[in-house]
Amino acid sequence: MDDNDQVIFYPNQGVDPHNRCCGGSMWCIQDICGIICAIFTWLLILYAEFVVTFVTLLPCPYPIFQCVNMVIFQIFAFLAMASHLRTMFTDPGAVPKGNATKEMIQHLGLREGQVIYKCPKCCCIKPSRAHHCSVCQRCIRKMDHHCPWVNNCVGEKNQKFFVLFTLYIAAMSMHALYLCVSQFVWCLHSEWKQCSWYTPPATVVFLIFLGFEALLFAIFTMVMFATQLQAICSDETGIEQLKKEEARWMKKSKWKSLQAVFGRVSITWLSPFSRPAPKIKVDNYLQV
């Protein structure tokens, strides 16, 4: 069975209430460390917004340069924030907790010699390639890793959003770094008199902190983006690579692996507001 396929195999269970908020309508991990990291990420994005807008672009006397770069930066910032929120509040592929009951196992209608696995921590029937996350306290299908910066696991259902988050943060950071350098050059040529609405010491501090933040996040997110693409193309999650697990599944080609995460080739590959439509098979959901 294709690893992107899903099976709706849990009759009469309704909405799983674990790790959900807003009356069960939204996925949310209540981990204090992850919440702090997520809020810190938002604050860093807001700081970049402030410096780029009020220190580098609005004081700029060149309207075309100002408008073009403002539009580009705001697009990157909006897409990065949207990707972060989609990663954070999307169910990564959690297996329903406590579904390893005698009735459920009988309902599966197992063939002779067929093997199922049960997670002793969350008492669920464990699908192939699922791993238990100690933070989410759930088994996650095709779990790559748990990321505190998005306060969620990266798994089967939200990996696309995480990859887009790293891509847009990297693009946003590189653009902010370019604007920092341009502002420094302009301020040096104009002797700091007309290059900023703030005093020279304040302008220097703003630009140094933004430059450091942009460089650090550009390197970090580009490495994460490359790592994620390598894992997707090799059809092997980060945990599977770390544990050096033997592949018991039929590996897909690089192209099919990309399509399994991003969907059919279209502009929606770059959109955090669309997700690949799952192919549903009432078939073998468990590892044989």
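Residues numbered from 1 in each chain as written. Predicted model: local features only at pLDDT ≥ 70, side-chain atom pairs only at ≥ 80, totals over all residues. Heavy atoms only, no water.

Student: Help me out: how do you make sense of the overall build of the protein in this one?
Tutor: The secondary structure content of the protein amounts to seven helices and eight strands. Counting across all 288 residues of the protein, residues that qualify as buried make up 48%. Counting contacts in the protein only where the partners sit at least 6 residues apart, residues at least 24 apart contribute 70% of the total. Counting only carbon and sulfur atoms, one obtains 67% of the accessible surface of the protein, whose full area is about 15200 Å². (Helix = DSSP H or I, 4+ residues; strand = E, 2+ residues; numbered from the N terminus. Buried < 20%, exposed > 50% of the residue type's maximum accessible area, 1.4 Å probe, protein only. Contact = heavy atoms within 4.5 Å. Areas by Shrake-Rupley, 256 points an atom, 1.4 Å probe, with all protein chains shown as cover.)

Student: Can you help me understand helix H7 (residues 254-262) in this one?
Tutor: Three- or four-residue spacings in an α-helix give side chains the same orientation, since the helix completes a turn every 3.6 residues. Regarding H7, the residues found buried are Ser257, Leu258, Ala260, Val261 and Phe262. Its buried side turned inward, H7 meets helix H4 (159-189) and helix H5 (200-233). Following H7 by one or two positions, glycine 263 has its phi on the positive side, about 90 degrees.

Student: Sorry if this is basic, but what is going on with a nonpolar patch on the surface here?
Tutor: Taken together, Ile35, Ile39, Leu43 and Leu46 make up a surface patch of nonpolar side chains, about 350 Å² in accessible area. Mapped onto the fold, leucine 43 is located in helix H1 (residues 32-57). (Patch = residues over 30% accessible without salt bridge, like charges linked within 9 Å, V, L, I, M, F, W, Y side chains within 5 Å. Salt bridge = Lys/Arg side-chain N within 4 Å of Asp/Glu carboxyl O.)

Student: Got a minute to help me understand the packing of aromatic side chains in this structure?
Tutor: The geometry of an aromatic ring pair is captured by two quantities: the separation of the ring centres and the angle between the planes. Counted by the stated rule, this structure contains nine aromatic pairs. Ring centres of phenylalanine 162 and phenylalanine 165 lie 6.5 Å apart, and the angle between their planes is 45 degrees; on these two criteria the pair is classed as tilted. Of this pair, phenylalanine 162 and phenylalanine 165 both sit in helix H4, three residues apart, which is roughly one turn of that helix. The same class applies to phenylalanine 162 as to phenylalanine 165, namely buried. Site record: aromatic cluster; members linked through ring pairs are Phe50, Phe54, Tyr198 and Phe206. (Phe/Tyr/Trp six-rings, centres within 6.5 Å; stacked < 30°, edge-to-face > 60°.)

Student: Could you clarify how one ought to interpret the pairing of strand E6 (residues 138-141) in this entry?
Tutor: Each regular strand carries side chains that alternate between the two faces of the sheet. Burial along E6 is two-sided: Arg138 and Ile140 facing one way and Cys139 and Arg141 facing the other are all buried. Summarising the sheet, strand E5 (residues 130-133) and E6 pair through four bridges and their orientation is antiparallel. Looking at the pairing, cysteine 133 lines up with arginine 138 of E6. Hairpin connection between E5 and E6: a loop of four residues separates the two successive antiparallel strands, and glutamine 137 in this loop has a positive phi of roughly 55 degrees. (Pairing = 2+ DSSP bridges.)

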